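Residue-level structural notes
Chain by chain, the residues run as shown.
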Amino acid sequence: MEILTNMAQGFSFVLGWQPILFIVLGVIMGILAGAMPGLSPSMGVALLVPFTYSMSPTLALILLVSIYIAANYGGSITAVTINAPGTPSAVVTSFDGYPLTKQNKPGMGLGVSLVSSTIGGFIGTIILILFSVQLAKVAVKFHPAEYFALAIFGLTTVATLGGRNWIKAFIAAMFGLLINTIGIDPISGVSRFTFGSVHLYDGFSLIPALIGLFALSEVFKQIDEQNFKSKKVELEKTQWPTLLDYWKLKLTIVRSSIMGTLIGIFPGAGATIASFISYDIAKRTSKEPEKFGHGSLEGVAAAEAANSSSVGGALVPLLTLGIPGSASTAVLIGALMIHDLTPGPQLFNNNPEIIYGLFASLLIANIVLLVLGLFGSRLWVKVTAVPKKILYPMIFTVSIIGSFAVRYSFFDIAACLGFGVFGWILRRYNYPVAPIVLGIVLGNIAETNFRRAVMMGDYTIFFTRPVSLILLVLALVSFAWPILRNKIYSKKEFSKLKSR
Amino acid sequence: MKKTFAILLLTLLIFASCKKSNDKFSFPEKPITIIVYTGPGGLIDVTARKFADVASKYTEATFVVENKPGSGGIVAMKRLLQLPADGYTLFASTKSNISKIVSSGGEAYIEGIDWAAMMMADPECIITHKKQKVNTWEDLIADAKIKDGNQLWLGPANGGLDHVTALKIWDEAGIEAKWIPFKSGGKARAALLGEQGVAYVGNPREVLGNDDLQIAAVSSLDRLAQFPDVPTFNEFGINNLDNEFMWRGFVLKKGTLPEIKKWYDELFVKVNNDPEWREYWERGGIDVVYKGSEEFTKIVHNDKEQFTHYLHKIGIINTEATNLIARFATGKALNFLIIISVLIFLIIGIFVNRSPKRKYLSRIMLPIFFIMLSIIFFIISFSFPSNEKVGPSVIPRLWIFILIPLNIYLLFNILRQKKEIVQERGNTKIIFRFIGLLILYLLSIFYFGYFISSFVFLLVGIYLLEYRKYLTMLLISAGWLLFSYLIFYKLLYVPRPVGKLIEMIF
């Protein structure tokens with residue numbers, strides 16, 4: 001009951017013209033930042049933080065979390081329309097979203113991604129409001145051994161991603177993991193594989209690699225194949241998902257949202273891993289797994305629900321412990337600090353208006369996102385109608401700002417171009433590039449936690465802790481199963497061919 | 001034409017002479033940039049912005065905070081040293097920069113920087129979890145003796161200030177323990193709350209907001225006013241730990257005019273005495289203190305020696321290459337190794353191109369590329385220090401050992417393949433032209449900045465793709481740039497690359 005009165009108070013702080021205006025503004029900025037290849041949610045928030053220093057703390061937070069939420073959705077727009085995921089977590093959305101566009105059904109991908117995003121965001125927020133204190137207690141107990149097991153479990157999704165090309169998918173993942181070790185070793189502090197260059201001290205940043213491997217390599221591929229025909233999009237004829245389509249996705253959305261929230265809670269895990277894992281699970285539990293990768297609505301829903309719900313999860317450790325669960329929440333801490341607020345359990349007692357105002361604005365932001373997104377989708381569809389000969393050079397210009405913005409460095413632009421050419425070569429010979437991104441995202445988590453766990457105990461620690469053991473066994477099963485199934489499947493097909 | 005030129009020249013001359021005759025000192029004449037070596041939102045970022053805010057009470061000057069993250073501050077310090085010593089660039093520095101300078105062998109930075117003002121000293125302290133059994137200094141010592149080297153201390157990265165402080169504490173107290181480094185102090189604090197270790201080294205401010213955390217001992221001569229219940233190290237009879245602190249301050253490039261330095265000194269003193277400034281920081285137990293250039297430089301040199309000592313001790317500063325293979329992986333031998341590898345790669349390429357497997361050239365060369373990359377990385381990994389149970393070379397080698405067999409298997413499969421492959425499709429020529437254009441574009445951005453280069457690039461790019469409606473091309477290029485200017489810079493404040501030449505003019 002107490003929570004209801006608190007929430008009612010929270011809403012009373014937010015339901016004024018000024019907070020609502022900030023939410024709308026934040027959602028618009030977030031969608032744009034997310035859609036731009038290279039601006040991840042955390043960067044979108046970081047770029048705006050300095051301008052919130054002069055606002056009241058509540059308004060500043062409202063603006064920033066609205067951006068954060070909307071940016072998580074925004075990434076899917078370019079993922080669906082031009083196969084250039086705007087954010088790392090939208091990589092998974094492109095697996096099925098872009099095929100839908102290719103089949104001349106961009107509306108289906110955009111519609112499902114929007115609705116799953118907002119429902120995911122809603123569920124994440126509800127879990128945050130109801131269970132944050134209990135969940136935080138579990139999160140801090142999560143041992144490095146378990147983080148390592150989670151990362152390994154995440155890596156096994158490569159087996160699903162690769163399909164018949166699983167060897168190439170694994171090579172790509174291992175390549176991602178290997179280049180992730182470039183830079184200062186996070187545990188011992190020595191520099192590795194930097195070839196004496198200052199630019200490599202932090203390794204390759206994820207964002208330029210992401211833009212290069214997806215957006216640029218896609219453009220190179222299209223130019224190479226001389227695919228310049230744009231589809232005539234007639235707005236009236238664009239197919240949008242029906243209510244029945246959404247209803248069929250209910251289980252996938254709810255399950256992925258809960259997964260996304262839970263994975264988001266663990267500091268450092270985050271939206272990208274959440275979307276990979278819940279896509280994997282959706283595919284395994286689906287009645288039509290063969291559709292995944294070829295425009296499955298379930299695939300889009302799983303990815304988007306998971307990455308949007310992880311926002312709620314990431315806020316759990318921030319609000320209850322004062323510890324950032326993601327890059328974006330790390331930026332939010334700075335925003336709180338400049339206003340003399342110390343995030344942590346005492347914030348609930350000392351400044352309830354901020355906490356419950358924040359909760360209320362999260363809920364409202366999701367509704368605003370749904371409304372604006374529905375209008376916006378009509379516009380995004382038109383992107384597919386832009387003449388390709390004009391669109392492709394434009395993608396380059398945007399990619400360059402995106403990769404520059406990460407560290408204000410020319411090196412990153414060059415790295416982005418390099419990844420673009422390399423990604424194009426790989427795709428030409430059927431190496432999937434998504435596992436590289438997964439490798440870069442997971443490499444650090446896997447390595448540091450593996451070494452940390454061994455430092456804290458010894459090698460047996462991974463098998464003596466029950467959670468870690470269970471995750472590792474699950475990982476083994478989920479790794480072996482798709483490959484075995486593929487073997488069986490192709491043998492069957494082979495014998496079918498013979499019998500014909 | 002000549003006339004216009006002459007007039008132009010004349011005006012310029014007049015302008016120039018005006019500046020000279022107006023020799024009276026006036027600083028600042030334009031906004032001052034404060035370089036912050038992290039992204040927005042970090043503590044040093046907040047420091048810089050708070051400073052700009054408070055300083056505006058005492059001066060007309062405008063301060064612009066510029067974030068230049070990367071390599072723990074090396075990128076930002078490099079930037080400071082590249083710019084002229086005209087006083088228009090201030091750098092917000094912390095003690096962590098010294099650790100970074102020492103570990104990356106960049107001592108030149110220390111000499112190139114004018115350590116203008118230390119503004120605050122944030123004492124180091126041991127933080128423990130109230131609900132754990134071991135939570136006071138006495139408990140820690142007793143527990144460490146029982147665990148005999150296996151007591152776990154949590155904190156941020158190896159070789160940083162907090163780690164070095166822990167090493168000193170262990171030395172002084174005569175105990176042994178293990179340092180478990182986390183990606184950030186926050187993550188380590190989470191692990192402490194999860195009872196994964198017994199102690200965390202950080203600053204007093206970090207216990208604020210969380211009732212479960214307490215400070216076991218703080219490095220200070222006397223008890224802190226904000227934390228009167230917290231004992232100092234000397235209360236436990238440990239005398240050499242009274243002065244361990246994280247400093248934050250502002251520095252300039254060496255060679256800044258004395259007049260400008262004087263202007264800054266006065267400003268620093270005023271800000272230091274400002275009640276708002278003092279209150280904001282003192283609440284977190286931070287000692288708001290002003291140390292001028294002379295004293296600050298001494299502190300910096302002292303820090304440098306300390307870090308050098310401890311970083312050697314824990315093996316972060318690479319001592320001599322210890323084995324034969326390691327010698328191949330450092331310095332000139334490494335360049336040699338890379339050149340040899342490229343040559344081998346090319347020779348294999350030529351060989352395959354002349355063999356019957358010619359059609360598979362690219363398919364074969366990709367796995368070979370991965371294998372050779374793995375081998376280079378493998379050889380380099382011998383140069384990493386390996387004095388830990390799982391050293392820095394373990395995980396990269398693990399990936400390498402998976403990568404190589406996978407590629408050999410793939411290669412084997414390709415070579416075994418009998419069936420004809422589909423001829424490669426596509427128009428590769430245009431791709432190479434495009435890549436060439438992109439490289440030019442990149443160079444152009446470097447010199448002329450983003451907008452001019454992008455405009456030209458869009459026109460040429462669209463032309464290359466054989467689009468020929470010129471008016472549309474012009475309109476679209478201009479319109480797109482205007483759109484991106486409004487959205488990205490005016491609405492989202494995305495930084496844009498400014499060209500070197502443009503920077504020189506303005």
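The shown structure was predicted, so the numbers you read here are calculated from the model rather than taken from an experiment.

1. Focus: the overall build of chain B
Helix and strand counts for chain B stand at 19 helices and eleven strands. Taking 23 Å as the expected radius of gyration for a compact globule of 506 residues, we find that chain B reaches 30 Å, considerably beyond that expectation. Each principal axis of the C-alpha atoms in chain B carries an extent, and together these give about 80 × 75 × 40 Å. Here chain B holds 506 residues, and 38% of them are scored as buried. Within chain B, contacts between residues at least 6 apart in sequence are counted, and of these 74% link residues at least 24 apart.

2. Quick word on the overall build of chain A
Assigned secondary structure in chain A consists of 22 helices and two strands. Taken along its principal axes, the extent of the C-alpha atoms in chain A is 75 × 65 × 50 Å.

3. Here's the deal with the confidence of the model for chain A
Per-residue pLDDT for chain A has a mean of 86; in total, 95% of the residues score no lower than 70. In the model of chain A, helix H22 (residues 466–499) of chain A stands out as the element of lowest mean pLDDT, 76, in contrast to helix H9 (residues 166–180) of chain A, which has the highest, 93.

4. Concerning the sheet that holds strand E5 (residues 125–129) of chain B
The strands that make up a sheet are held in pairs by hydrogen bonds between backbone atoms, and each pair lies either parallel or antiparallel. Residue and element names in this part refer to chain B. Spatial ordering of the open sheet is given by E7-E6-E8-E5-E9, a layout of five strands whose pairing is mixed. Since the sheet does not close on itself, it has two edges, and those belong to strand E7 (178–181) and strand E9 (213–218), each with one partner. Each neighbouring strand pair of the sheet contributes to a mean axis angle of 35°, computed without reference to strand direction.

5. Focus on the nonpolar core
With 242 residues, the main nonpolar core has Leu-64, Ile-67, Phe-148, Ala-149, Ile-171, Met-174 and Ile-395 of chain A as its most contacted residues. Sort the elements by how many residues they give to this core and helix H4 (residues 57–82) of chain A lands first, with 16 residues. Sequence-distant contacts of Ile-67 of chain A, that is, excluding residues within four places in its chain, are made with Gly-26, Met-29, Gly-30, Ala-33, Gly-44, Val-45 and Leu-48 of chain A. By size, the runner-up hydrophobic cluster in this structure holds 48 residues, among which are Ala-48, Ile-74, Ala-92 and Tyr-264 of chain B.

6. Description of helix H18 (residues 470–491) of chain B
If you check H18 of chain B, its first and last C-alpha atoms are 30 Å apart, about what 22 residues at 1.5 Å a residue would give, namely 32 Å. Every buried residue of H18 of chain B is accounted for by Met-473, Ile-476, Ser-477, Ser-484 and Phe-488 of chain B. In this structure, the buried side of H18 of chain B is in contact with helix H18 (388–407) of chain A together with helix H17 (450–464) of chain B. At the exit of H18 of chain B stands Tyr-493 of chain B, carrying a positive phi of roughly 55°.

7. Notes on the sheet that holds strand E4 (residues 113–123) of chain B
Residues and elements named next belong to chain B. An order of E2-E1-E3-E10-E4-E11 is seen for the six strands of this open sheet, with the pairing classed as mixed. With one partner strand each, in any of the chains shown, strand E2 (63–67) and strand E11 (287–291) form the two edges of the open sheet. Sheet twist, expressed as the mean angle between neighbouring strand axes with direction ignored, is 25°. Alignment of strand E1 (residues 32–36) against strand E3 (residues 89–94), held across four bridges, turns out to be parallel. Along E3, the bridge assignment pairs Val-36 with Ala-92. Contacts from helix H11 (residues 293–313) reach E4, strand E10 (245–253) and E11, with the element oriented near 75° to E4.

8. Some points on the interface of chain B and chain A
Frequently, the measure chosen for interface size is the accessible area that the parts lose on association. Chain B puts 91 residues into the contact, and the matching count from chain A is 90 residues. Looking at which element gives the most residues to the side of chain B that touches chain A, the answer is helix H15 (residues 394–416) of chain B, with ten residues.

9. Thoughts on the pairing of E3 of chain B
All names here are of chain B. Extensive coverage of E3 is indicated by the burial of six of its six residues. Burial along E3 is two-sided: Thr-89, Phe-91 and Ser-93 facing one way and Leu-90, Ala-92 and Thr-94 facing the other are all buried. Where E3 meets E10, four bridges bridge the pair, whose relative direction is antiparallel. Considered in E10, the bridge of Ser-93 is made with Gly-249.

10. Points about the packing of helix H1 (residues 2–14) of chain A against helix H17 (residues 352–383) of chain A
Residues and elements named next belong to chain A. Relative to each other, H1 and H17 sit at 75°, their axes nearing to 7 Å. Taken together, the axes of H1 and H17 are roughly perpendicular relative to one another. For the pair H1 and H17, the contacting residues are Asn-6, Met-7, Gln-9, Gly-10, Phe-11, Phe-13 and Val-14 in the first and Pro-352, Glu-353, Tyr-356, Gly-357, Phe-359, Ala-360, Ser-361 and Ile-364 in the second. Residue composition of the contact of H1 with H17, grouped by class: nine nonpolar, five polar and one charged.

11. Overview of the environment of Cys-125 of chain B
All names here are of chain B. Take Cys-125: it is sitting in strand E5. It is 64 Å that separates the C-alpha atoms of Cys-125 and Tyr-463, two residues lying 338 residues apart in sequence. Excluding its chain neighbours within four sequence positions, the residues that come into contact with Cys-125 are Gly-202, Asn-203, Pro-204, Ile-215, Ala-217, Val-218 and Ser-219.

12. Observations concerning the environment of Met-473 of chain B
Residues and elements named next belong to chain B. Assignment of secondary structure puts Met-473 in helix H18. For Met-473, a count of 20 C-beta atoms within 10 Å puts it in the buried group. Separated by 296 residues in sequence, Met-473 and Ala-177 have C-alpha atoms that sit 67 Å apart. When sequence neighbours within four positions are dropped, the list of residues in contact with Met-473 reads Leu-459, Ile-462 and Tyr-467.

13. A short note on H18 of chain A
Residue and element names in this part refer to chain A. With 20 residues, H18 extends 30 Å between its outermost C-alpha atoms, agreeing within 8% with the 28 Å of an ideal straight helix rising 1.5 Å per residue. Among the 20 residues that make up H18, 19 are buried, leaving the element largely enclosed by the rest of the structure. Looking one or two residues past H18, Tyr-408 carries a phi angle of roughly 55°, positive in sign.

14. A closer look at the pairing of strand E8 (residues 199–202) of chain B
Residue and element names in this part refer to chain B. Of the two faces of E8, the one lined by Ala-199 and Val-201 and the one lined by Tyr-200 and Gly-202 are each fully buried. Summarising the sheet, strand E6 (residues 152–155) and E8 pair through two bridges and their orientation is parallel. What sits directly across from Leu-154, in E8, is Tyr-200.

15. Concerning the packing of H18 of chain A against H17 of chain B
Interaxial distance between H18 of chain A and H17 of chain B falls to 9 Å at its minimum, and their mutual angle equals 155°. Here H18 of chain A lies roughly antiparallel to H17 of chain B, going by the angle between them. In this structure, H18 of chain A crosses over H17 of chain B, and the sense of that crossing is right-handed. Contacts from Lys-389, Ile-390, Pro-393, Met-394, Phe-396, Thr-397 and Ile-401 of chain A of H18 of chain A reach H17 of chain B at Tyr-450, Ser-454, Phe-457, Leu-458, Gly-461 and Ile-462 of chain B. Classifying every residue of the contact of H18 of chain A with H17 of chain B by side-chain character gives nine nonpolar, three polar and one charged.

16. Notes on the environment of Ile-101 of chain B
Residues and elements named next belong to chain B. Within the secondary structure layout, Ile-101 lies in helix H4 (residues 95–103). A residue is classified by how many C-beta atoms lie within 10 Å of it, and Ile-101, with 23 of them, is buried. On a C-alpha basis, the gap between Ile-101 and Arg-468 in space is 54 Å, while along the polypeptide they are 367 residues apart. Discounting chain neighbours no more than four positions away, the residues touching Ile-101 are Gly-106, Glu-107, Tyr-109 and Ile-110.

17. Some details on unusual backbone geometry
Residues and elements named next belong to chain A. The phi torsion at Asn-104 lies on the positive side, around 65°, for a residue other than glycine. C-beta crowding within 10 Å serves as the criterion here: with 15 such atoms nearby, Asn-104 is assigned to the partly exposed category. The residue Asn-430 is not glycine, and still its phi comes out positive at about 65°. A count of 11 C-beta atoms within 10 Å places Asn-430 in the exposed class.

18. Focus: the confidence of the model for chain B
Residues and elements named next belong to chain B. Confidence in the prediction for chain B averages 85 pLDDT; 90% of positions are at 70 or higher. In the model of chain B, helix H1 (residues 2–21) stands out as the element of lowest mean pLDDT, 54, in contrast to E5, which has the highest, 95. The low-confidence segment residues 17–22 (pLDDT under 50) makes zero contacts with residues lying over four places distant or belonging to another chain. Reported confidence for the predicted complex is 0.86 by ipTM and 0.86 by pTM.

Reading guide: rules and limits
Residues numbered from 1 in each chain as written. Chains lettered and ligands numbered in written order. Predicted model: local features only at pLDDT ≥ 70, side-chain atom pairs only at ≥ 80, totals over all residues. Helix = DSSP H or I, 4+ residues; strand = E, 2+ residues; numbered from the N terminus. Rg over C-alpha atoms; globule rule 2.2 N^0.38 Å. Buried ≥ 20, exposed ≤ 12 C-beta atoms within 10 Å, placed from the backbone. Contact = placed C-beta atoms within 7 Å. pLDDT = per-residue confidence, 0-100. Pairing = 2+ DSSP bridges. Axes fitted to C-alpha atoms, helices over the stretch in contact; angles between N-to-C directions. Core = buried A, V, L, I, M, F, W, Y, C linked by C-beta atoms within 7 Å. Expected span 1.5 Å × (residues − 1). Parallel < 35°, antiparallel > 145°, perpendicular 65-115°, else oblique. Nonpolar A, V, L, I, M, F, W, Y, C, P; charged D, E, K, R; others polar. Left-handed = near helix turned anticlockwise from the far one by under 90°.

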